[in-house]
Amino acid sequence: MDLLRLGTYTFSSRLILGTGKFSSTSAMIEAVRASGTQLVTVALRRFNREQAEDDLFGPLSEIEGLTLMPNTSGAATASEAVKAAHISRELSGSPFIKVEIHPNPHHLMPDPIETYEACKILAAEGFIVMPYIPADPVLAKRLEEVGCSSVMPLGSAIGSGQGLSTAEMVKIIIRESNIPVIVDAGLRSPSEACAAMEMGCEAVLVNSAVAVARDPAAMASAFAKAVEAGFEARNAGLMPRSSAAVATSPLTSFLGGAS
Amino acid sequence: MSTIGIILNGERREIPAGATVADLLCIADAGRQPVAVVVNENIVRPDQRDSCILQDEDQVEILVFAGGG
């Protein structure tokens, strides 16, 4: 079986699920189970006694074989992201960190300079660093060089559901990378996840599309199938495109004309 | 009983003088799930919480994992 390799970890599932925006913890847990994911993102938040049931550590730790990937959401600078990473590792015990630094709440585009600086520090400290980045092949290569375990270019803006609008740039990143490329953010439908996998992504990260679906567990299952289908199709070898028709049946002439 | 003032998760709070981080977690009802504790920017690990005595004006953050993408 082809496994997804991230740092020293291997995963049979290539769907990474975000845990935000679900209507309830139980809906989120159902979706995680239905997706078969082995890696989920979580975010640090201040403890609030009135919302103690929102703490996800307990419910997620009951799912066997699940690894947590805390994110640094809320960080606007490299130093804030590094601080969040240290706190998250203390709490999760997981070496994974999704570096997510977006200073502008209106577009949530990742800051490439602060992201690079944070990744350099965290990779040197032994984290399995998974940066959320603009679909920039130069930045992706620089992040590979400082020891990131993957790069996660955005398909489109976080939560926008605009799909793979960066497809051509993501293809370049895939062609140039020696580490897994994972599309993160913007995917709306399983067909887009499938397309990302066919294109050569090693995994996809989905959150909003599952969380806000009418039936999150069913959508999670649909994404899991699409990711598998795309990966299998890629390995099977997609046929070349042709500008002209190429017949699939023998065009013999026995039906036409008198013999 | 004398008290000290700390900033807990951004809000001022009076706690007994001499209280440890472990005491604070009980007072704040935060002892029932895993939490991260940061005092004045320093992480206080679980094995340090019984011996870490809080001081007047300490900035304390108690953090948990919530949903996020």
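Parameters and conventions
- Residues numbered from 1 in each chain as written.
- Chains lettered and ligands numbered in written order.
- Predicted model: local features only at pLDDT ≥ 70, side-chain atom pairs only at ≥ 80, totals over all residues.
- Heavy atoms only, no water.
- Helix = DSSP H or I, 4+ residues; strand = E, 2+ residues; numbered from the N terminus.
- Buried < 20%, exposed > 50% of the residue type's maximum accessible area, 1.4 Å probe, protein only.
- Expected span 1.5 Å × (residues − 1).
- Contact = heavy atoms within 4.5 Å.
- Buried area = accessible area lost by both parts, 1.4 Å probe.
- Salt bridge = Lys/Arg side-chain N within 4 Å of Asp/Glu carboxyl O.
- Nonpolar A, V, L, I, M, F, W, Y, C, P; charged D, E, K, R; others polar.
- Pairing = 2+ DSSP bridges.
- Disulfide = S-S within 2.5 Å.

## A few points about unusual backbone geometry
Residue and element names in this part refer to chain B.
And then number 1: Positive phi, normally seen in glycine, also occurs at glutamate 41, with a value near 75°.
And then number 2: If you trace the backbone, glutamate 41 turns up in the loop between strand E3 (36-39) and strand E4 (42-43).
And then number 3: Note on glutamate 41: relative accessible area 56%, which makes it exposed.
And then number 4: Not every positive phi belongs to a glycine, and glutamate 57 is a case in point at roughly 75°.
And then number 5: Considering the arrangement of structural elements, one finds glutamate 57 in the loop between E4 and strand E5 (59-67).

## Some thoughts on helix H3 (residues 78-92) of chain A
Residue and element names in this part refer to chain A.
And then number 1: With 15 residues, H3 should cover 21 Å at 1.5 Å per step; its first-to-last C-alpha distance of 20 Å lies within 8% of that length.
And then number 2: Taken together, the buried positions of H3 are Ala78, Ala81, Val82, Ala84, Ala85, Ile87, Ser88, Leu91 and Ser92.
And then number 3: Immediately beyond the C-terminal end of H3, within one or two residues, lies glycine 93, with a positive phi of roughly 70°.

## Structural notes on the interface of chain B and chain A
And then number 1: Contacts between chain B and chain A engage 25 residues on the former and 29 residues on the latter.
And then number 2: Carbon and sulfur atoms supply 62% of the area that chain B and chain A bury against each other, a total of about 2,300 Å² over both sides.
And then number 3: Considering only the side of chain B, the residues that lose the most area to chain A are B:Val64, B:Phe65 and B:Gly69, jointly responsible for 34% of the buried surface there.
And then number 4: Linking chain B with chain A are two salt bridges.
And then number 5: Here A:Lys83 and B:Glu41 are joined by a salt bridge, their closest N and O atoms 3.1 Å apart.
And then number 6: The residue makeup of the side of chain B that touches chain A, split by class, is 14 nonpolar, six polar and five charged.
And then number 7: Inspection of the sheet shows strand E4 (residues 39-46) of chain A paired to E5(B) by five bridges, in the antiparallel sense.

## Details of the state of the cysteines
Residue and element names in this part refer to chain B.
And then number 1: This model, assessed by the stated rule, comprises zero disulfides over all chains.
And then number 2: The cysteine cysteine 26 is free of any disulfide, with cysteine 52 supplying the nearest cysteine sulfur at 14 Å.
And then number 3: For cysteine 26, a relative accessible area of 63% translates into the label exposed.

## Observations concerning the sheet that holds strand E8 (residues 152-153) of chain A
Residue and element names in this part refer to chain A.
And then number 1: Read across the sheet, three strands follow the order E6-E7-E8 without closing on themselves; strand pairing throughout is parallel. Pairing within the sheet leaves two strands with one partner each, and these edge strands are strand E6 (96-99) and E8.
And then number 2: Here E6 runs beside strand E7 (residues 128-133); their pairing, made up of four bridges, is parallel. Within the sheet, the bridge partner assigned to isoleucine 97 lies in E7 and is valine 129.

## Concerning the pattern of salt bridges
Oppositely charged side chains may form a pair once their charged atoms are brought near each other.
Residues and elements named next belong to chain A.
And then number 1: Applying the stated criterion across every chain yields a total of 12 salt bridges over all chains.
And then number 2: When the shortest N-O distance is used, the salt bridge between glutamate 202 and arginine 14 registers 2.9 Å. Of this pair, glutamate 202 sits in the loop between helix H7 (190-199) and strand E10 (203-206) while arginine 14 sits in the loop between strand E2 (9-11) and strand E3 (15-18), and the two are 188 residues apart along the sequence.
And then number 3: Given a relative accessible area of 5%, arginine 14 falls into the buried group.
And then number 4: For glutamate 202, the salt bridge goes to arginine 234, with nearest N and O atoms at 3.0 Å. On the criterion of sequence distance, the pair formed by glutamate 202 in the loop between H7 and E10 and arginine 234 in helix H9 (residues 216-236) is long-range, its members being 32 residues apart.
And then number 5: Since its relative accessible area comes to 22%, glutamate 202 is described here as partly exposed.
And then number 6: A single network of salt bridges, built from pairs that share partners, joins Arg14, Glu202 and Arg234.

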